[in-house]
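Listed here are the chains, written in short residue letters.
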Amino acid sequence: MSALAQYLAGVGKTISGSDRFFISAQPNETRDKLEAERIKCFFQDGSGIKSGTDLIIASTAVEETNVEIQKAKSLNIPILLRSELLTLISNTKRTIAVGGTSGKSTTTAMLFDILDRAGFEPSIINGAGLVRLQKQGQIGNAYVGKGDWLVIEADESDGSIVNYHPEVGLLLNLDKDHKEIDELKNIFQTFKEHTKKLFVVNASNTLTAPFSQNKKQDFSTTRADAGYKAANFIQTGFQTYFKINGIDFSMNAIGRHNMENALGATAVANQLGIDLKVCAEALKNYEGIYRRNQVLGQKNGIWVIDDYAHNPAKVAAAIRSVQPLAKKIIAWFQPHGYGPTRFLRNDFVKEISNALRPQDEIWMSEIFYAGGTTEKNISAADLIDDLKAMGSNAFFIEDRNDLVKSVRSHCTDNCAILLMGARDPSLDEFAKKFFEEL
């Protein structure tokens, strides 16, 4: 939502907004950065909605009973969903939509960097902030360029990806996340059908490979037939090296999954006429995105890394990406939402237990509750019990504020700590506080 607000402000619209986390007398960095972009922020009490308001944009996370939705209806102000607005915006540009259940934000950012390096002057609307933009004091998840191209993260979690009609579609992967596999297949099939020209898929993923439009357009990190192939992956510390179609690439982004993200971005960019060497130059300078393998630093010989991982595949990938850094990994995870945790319980247990080495540990704190009417009939402790039964070193710590004190005795000389979780806006501050106290 903040990305859309910034984009519209960037093209000259008068924008205001509210959020349930804007609370009186409490500091809020997002609110400060939005107001610096001339986007007026209000508490979620209806005070920001006036009879002169032309249009309301609402996230699907906002219930019909919300006071602002009710006020908008009483004033007969039209209400659009986030995805409907993004559809309208994407129709004004030559749009590249990045879809898949993992890696969308990262790949969108990488593709934006490549297009920018190639002189395309692109725009971006992303699900996470780019570090390079955050260094300029921005939230970093939106930018209005002068060129014709727009790169967007296309979300399948609420089904909104089916609304877009991009010029180029990129499908990264398909894993059980917010929806069952068969439902996701139907959604991504519509995404393919709505893509006007070029559709690029990950041939390495058995569930996305059948969506291929033309194998020469696709990409692969395995022996699967594709026009773009990555090989010779090496991770040394926080640096990765690999080749794409024989050209050397290097990045300050750890994990094989990030090589795959870079490969997907490169496959699209090359088919837009950008030389592979230009792609490599752009990715060599890629600075990452907010809370994706974000290195907080080293304290007492221990690396601490913060990551947005929240579905089973992402959590497992994050763990594996950190393992080359240290002999022992202590991973902490805060599940998001009682409904999603119930839905993915068995998948979390399977993926995490498979990713952990015998010496590694997984810790969990209680599930993050974002509001709503869901039943609280599951606990993170249930997942920990399941993991223990699988033979994993698993620990439940209900209050995350007790984590530093509890893990200290588990740290070894060659150790790294990985903090994971999503959608809880206080997680970044928690990670920083954890690092300071370690």
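*Asks:* Looking at this structure, I do not really get the environment of Trp 303. What am I missing?
*Replies:* With respect to the helices and strands, Trp 303 occurs in strand β16 (residues 302–307). Each C-alpha atom of the pair Trp 303 and Ile 329 lies 9.7 Å from the other, and the pair is 26 residues apart in sequence. Sequence-distant contacts of Trp 303, defined by excluding residues within four places in its chain, comprise Phe 238, Val 295, Gly 297, Gln 298, Cys 415, Ala 416 and Ile 417.

*Asks:* Would you take a moment to explain the pairing of strand β5 (residues 94–99) for this structure?
*Replies:* The side chains of a regular strand alternate between the sheet's two faces. For β5, the buried fraction is high: five of the six residues fall into the buried class. As paired strands, β5 and strand β8 (residues 149–153) are joined by five bridges and run parallel to one another. What sits directly across from Ala 97, in β8, is Ile 152.

*Asks:* What exactly am I supposed to notice about unusual backbone geometry here?
*Replies:* The phi angle of most residues is negative, glycine excepted, and most peptide bonds adopt the trans form. Even without glycine at this site, Asn 76 takes up a positive phi of about 55 degrees. With a phi angle near 60 degrees, Arg 291 is a residue other than glycine that sits in the positive phi range. Tracing the sequence through the fold places Arg 291 in the loop between α9 (276–284) and β15 (294–299).

*Asks:* Would you explain the pattern of salt bridges in this entry?
*Replies:* Where side chains of opposite charge bring their charged atoms close, a pairing between them can arise. Here the structure, examined in full by the defined rule, presents 17 salt bridges. Note that Glu 167 and Lys 197 form a salt bridge whose closest N and O atoms lie 3.9 Å from each other. Taken together, the positions of Glu 167 in the loop between β8 and β9 (168–171) and Lys 197 in the loop between α7 (181–194) and β10 (198–201) put the pair 30 residues apart, joining distant regions of the chain. The salt bridge involving Arg 291 is made with Asp 306; its shortest N-O contact spans 2.9 Å. Of this pair, Arg 291 sits in the loop between α9 and β15 while Asp 306 is found in strand β16, placing the two residues 15 residues apart along the sequence.

The rules behind each value
- Residues numbered from 1 in each chain as written.
- Predicted model: local features only at pLDDT ≥ 70, side-chain atom pairs only at ≥ 80, totals over all residues.
- Heavy atoms only, no water.
- Helix = DSSP H or I, 4+ residues; strand = E, 2+ residues; numbered from the N terminus.
- Contact = heavy atoms within 4.5 Å.
- Buried < 20%, exposed > 50% of the residue type's maximum accessible area, 1.4 Å probe, protein only.
- Pairing = 2+ DSSP bridges.
- Salt bridge = Lys/Arg side-chain N within 4 Å of Asp/Glu carboxyl O.

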